[in-house]
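# Descriptive structure summary
Listed here are the chains, written in short residue letters.
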Amino acid sequence: MEKWYVAAKKADFNAWAAKFHISPVIARVLRNRDLTEEAEVEKFLYGTLEDCYSPWLLKDMEKAVEQICAAIKEGIFIRVIGDYDVDGICSSYILTQTLQTLGAKVDTAIPHRIHDGYGLNEHLIEEAWKDGVGMIVTCDNGIAAAPQIALAATKGMKVIVTDHHEVPFVWEGERRLEQLPPALAVINPKQECCNYPFPGICGGAVAYKLAAALAERTCNKALLGVLEELLEFAALSTVCDVMELKDENRILVKEGLKRLKHTQNQGLAALMEVNGIVRERLSAYHLGFIIGPCLNATGRLDTAQRALELLQSRSKVEAMSAARELKELNDSRKNLTLQGVEQAECYIREQQMERDKVMLIFLPQVHESLAGIIAGRIREHYNHPVFILTRGEEGVKGSGRSIEGYHMYEAMTEVSRYFTKFGGHAMAAGLSMAEEDIPLLRRELNEKCRLTEEDFIPKVHIDVPMPLAYADERTADELELLEPFGVGNPKPLFAQKDLIFKSGYKMGANKSCARYRVRTPEGEEKQLVFFGDLEAFEAFLEEKYGSGAGEALYSGRGNFPVSVTYQLGKNTYRGRTELQYVMQNYS
């Protein structure tokens, strides 16, 4: 059962509406995005790259730029070491392109998920030393690699860390002490001593900031031109790493999307083509749910180096061949994920885990690369923090996905003795551990968990209770001002009580969605589209209005009052554009 909440944040909505030429409804939505000042509203609606923060505000940026410029001048061999997810791949691309443009002797290494695991390890350090690398620049990793960075120093290699993950810490009494790695420079906005105004940027954005600082310091005209393309990858990273689309992130994604629609990158263009994406309609959705998963699939089922090679393609023929391969890998990943979710559901029943506050699910046969996706699906179903553990080459590996109110990384720090390696942030984490400790970890995570039953009830946050009759074309047009939508800036949710459901019919090849004819309390007839669980909706009708209610609705004999939440948009089909009301929740 869900709990519906109507946002009740106060502001002078009429004043905002008059000043920014929007309706009071849109003004209320903006207030619900935690905007309080008119300057914030203006930045949200009309912010440009000039409104982004200076890269020099990041702690150690000056040190990093000096060291990299000196290394390039001395001809030192630099290796960029990234990660195998989209953020890591894009970060690697950004820094490699930047350094190549500046004339550096540089190459790229992305850890293999199975053989190397996440981030820096001793093997990667030893390999870099044997290859004659003099400087390592990490991206999207390194903040938790203190021993590995110390090893690099003993071998005479300089290390610069660029990352955005939580900084490891220990408690000394009641003092929380950061454990920073011994690198020449550590660029991470989450450091306590970093005064960067918006710490919620991803690894790709941190890498982009370093690229921008290098361009400014060197006045390299070629790099200044390359920054336009690199912005596309910062935007892709931001969406795919599920960063909040607030403040600077919103501007990066908005401006990046504009450029992505005309991208000159052969790899990205090929991915759009093989997935049938119309460039003019490209949105954050396409980045997060189509392009991103294709890039991620290589790191999950093969090696992420192939995704990087796609982005570095120099011809359309080369790019199209690689893009088709990535799409096939992603299709395979989807099937394996469905199987993994089914196994997880079985495990929950077998272990009587429904009442666990924190779900620790061991699926030894599941490919470890799918653990995070499966954890996300189970989290969505049960609204509990979830860890999916699999059997790796060296013990157990796992990924976790959390819920509001449970800081996953901090919770793991409390039981860190069970992990051989772990890292992450509030909503997601990764780990390695010994198999025999799984029962102990399950018990202790649950004993230490401070969540209550109230925390497990899904919350539905309604922006504005608004009759369908008010949700007109002007409102739909104004909603486009609020794009791109995503985490931290969800598509606005409206609500109306007591719509009378008269009839419906199922649509799509698999009859998995439906269109309903409803009558409003004012007597108007409207069409609602629903892409959710049709079986669950029919069960709701049967429980509320008796056996046969679902069948009656689909045969045109419905007369069922239902309160709904909905989203408003426009749908274009065969050249015709019309308003579309999309039902999200019902009661």
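First, a word on what this report is: a plain description of the structure on this page.

## Considering the overall build of the protein
Per the secondary structure count, the protein includes 20 helices and 20 strands. Rg of the C-alpha trace for the protein: 25 Å, near the compact-globule value of 25 Å for 587 residues, within the 12% margin. Viewed in the frame of its principal axes, the protein has a C-alpha envelope of about 80 × 55 × 55 Å. Every one of the 587 residues in the protein was classed for burial, and the buried ones make up 54%. For the protein, long-range pairs separated by at least 24 residues make up 66% of all intrachain contacts whose partners lie at least 6 apart in sequence. Here the protein carries 69 positive and 84 negative side-chain charges, and the mean point of each set is 3 Å from the other.

## Brief notes about the side chain of E248
Secondary-structure assignment places E248 in helix α10 (residues 247-260). With sequence-adjacent residues up to four places away left out, E248 is seen in contact with C52, Y53, Y196, F198, I201 and K209.

## Brief notes about the environment of V278
Within the secondary structure, V278 is located in the loop between α11 (266-274) and α12 (284-301). Once the C-alpha coordinates of V278 and T101 are considered, the two residues, 177 residues apart in sequence, prove to be 31 Å apart.

## A short note on the packing of aromatic side chains
Using the criterion set out here, one finds 19 aromatic pairs in the structure. Both rings, one in F537 and one in Y586, keep their centres 4.8 Å apart while their planes meet at 65 degrees; by these two values the pair is edge-to-face. With F537 in helix α19 (residues 534-545) and Y586 in strand β20 (residues 576-586), this residue pair connects regions lying 49 residues apart in the sequence. Taking relative accessible area as the criterion, F537 reaches 0% and is therefore assigned buried. Each residue in the set F501, Y516, F530, F537, F540, Y554 and Y586 is aromatic and connected to the rest through ring pairs, giving one cluster. A cation over a ring is seen here: K506 above Y554, with NZ or CZ 5.0 Å from the ring centre.

## Some remarks on the nonpolar core
Within the largest apolar cluster, 85 residues are counted, with the highest numbers of intra-cluster contacts made by I78, L210, L236, I291 and L295. Ignoring sequence-local partners within four residues, the contact set of L210 consists of M61, A64, V65, I68, L95, T162 and I187. Membership of the second largest hydrophobic core comes to 44 residues, among which are M466, F494, F540 and L568.

## What about the pattern of salt bridges?
Taken as a whole and assessed by the stated rule, the structure comprises 35 salt bridges. In this structure, the salt-bridge partner of K316 is E273, at a minimum N-O distance of 3.5 Å. With a gap of 43 residues between them, K316 in helix α14 (residues 316-350) and E273 in helix α11 connect regions that are remote in the sequence. Taking the relative accessible area as the measure of exposure, E273 reaches 45% and is therefore partly exposed. Here D356 ties to R442 by a salt bridge, and the two come within 2.7 Å at their closest N and O atoms. Here D356 is found in the loop between α14 and β9 (359-362), whereas its partner R442 is found in helix α17 (residues 438-448), with 86 residues between them in sequence. For D356, a relative accessible area of 12% gives the class buried. Beyond isolated ion pairs, a larger network of salt bridges with shared partners links K9, D34, E244 and K246.

## Some points on helix α6 (residues 122-130)
When α6 is considered as a whole, its buried residues turn out to be L124, I125 and A128. Projected onto a plane normal to the axis of α6, the buried residues spread over an arc of 100 degrees and lie on a single side. Each element contacted by the buried residues of α6 is listed here: β2 (78-81), β4 (135-139) and α7 (146-154). The distance from a side-chain oxygen at the start of α6 to the backbone nitrogen of H123 is 3.1 Å, and the residue carrying that oxygen is N121. Positive phi appears at G132, one or two residues downstream of α6, with a value of about 80 degrees.

## Describing the packing of helix α3 (residues 38-46) against α10
The geometry of α3 relative to α10 is characterised by a closest axis approach of 9 Å and an angle of 20 degrees between their N-to-C directions. The orientation of α3 relative to α10 falls into the category roughly parallel. Judged by the sense of rotation from one axis to the other, the crossing of α3 with α10 is left-handed. Across the interface between the two elements, K43, F44 and L45 of α3 pack against D247, R250, I251 and K254 of α10. The residue inventory of the contact of α3 with α10, partitioned by class, reads 3 nonpolar, no polar and 4 charged.

## Some thoughts on the state of the cysteines
In this structure the tally under the stated criterion is 0 disulfides. A disulfide-free cysteine, C52 has its sulfur positioned 12 Å from the sulfur of C202, the nearest such atom. The cysteine C240 is free of any disulfide, with C90 supplying the nearest cysteine sulfur at 6.9 Å.

## Focus: the sheet that holds strand β13 (residues 428-433)
If you walk across this open sheet you meet the 5 strands as β9-β10-β11-β13-β12, and the pairing is mixed. Two strands in the sheet have a free side with no partner beyond their single neighbour: β9 and β12 (419-424). Neighbour-to-neighbour, the strand axes of this sheet turn through a mean angle of 15 degrees, independent of strand direction. By the bridge criterion, 7 bridges tie strand β10 (residues 386-392) to strand β11 (residues 395-401) in an arrangement that is antiparallel. The residue bridging F387 from the neighbouring strand is G400, located in β11. Sheet strands in contact with α14 are β9 and β10, and its direction is about 115 degrees off that of β9.

What counts and how
Numbers given for residues are sequential positions, taken from 1 along each chain in its written order. Under the rules for a predicted model, residues below a pLDDT of 70 receive no local features and side-chain atom pairs below 80 are neither given nor counted, while totals for whole chains, interfaces and linings still include all residues. With hydrogens and water set aside, each side-chain value is computed from the structure's full complement of heavy atoms. Segments assigned H or I by DSSP are reported as helices when at least four residues long, segments assigned E as strands when at least two residues long, and all are numbered from the N terminus. Using C-alpha atoms as the atom set, the radius of gyration is obtained and then compared with a globule rule of 2.2 Å times the number of residues to the power 0.38. The rule is simple: take the accessible area with a 1.4 Å probe, protein chains only, and divide by the maximum for that residue type; under 20% is buried, over 50% is exposed, in between is partly exposed. Any pair of residues with heavy atoms lying within 4.5 Å of one another is described as a contacting pair. In this tally Asp and Glu are treated as negative and Lys and Arg as positive; neither His nor the chain ends contributes. Where a charge lies is defined by one atom per residue type: Lys uses NZ, Arg uses CZ, Asp uses CG and Glu uses CD. Only Phe, Tyr and Trp rings take part, Trp by its six-membered ring, and two of them pair if their centres are within 6.5 Å. Stacked means planes under 30 degrees apart, edge-to-face means over 60, and tilted covers everything else. In this analysis the charged atom, NZ for Lys or CZ for Arg, is taken to sit over a ring once it is within 6 Å of the ring centre and within 35 degrees of the ring normal. Each nonpolar core is a collection of buried residues, namely Ala, Val, Leu, Ile, Met, Phe, Trp, Tyr and Cys, held together in the definition by side-chain atoms within 4.5 Å. Any carboxyl oxygen of Asp or Glu within 4 Å of a side-chain nitrogen of Lys or Arg constitutes a salt bridge here. This arc corresponds to the set of directions leading from the helix axis out to the C-beta atoms. Side-chain atoms alone can form a polar contact between residues adjacent in sequence; in general such a contact is a pair of N or O atoms within 3.5 Å, and within protein one must be able to donate a hydrogen while the other accepts it. Every axis corresponds to a line fitted to the C-alpha atoms, with the helix fit spanning only the stretch in contact, and the corresponding angles, defined between N-to-C directions, vary from 0 to 180 degrees. Throughout this description, any angle smaller than 35 degrees is read as roughly parallel, any larger than 145 degrees as roughly antiparallel, any in the 65 to 115 degree range as roughly perpendicular, and the remainder as oblique. What makes a crossing left-handed is the near helix being turned counterclockwise from the far one by less than a right angle; a clockwise turn instead makes it right-handed. Note on residue categories: nonpolar means Ala, Val, Leu, Ile, Met, Phe, Trp, Tyr, Cys or Pro, charged means Asp, Glu, Lys or Arg, and polar means any other residue, Gly included. Cysteine sulfur pairs qualify as disulfides if the two atoms are within 2.5 Å. Strand pairing requires that DSSP identify at least two bridges connecting the strands.

Function-wise, these values are silent; they only describe arrangement.
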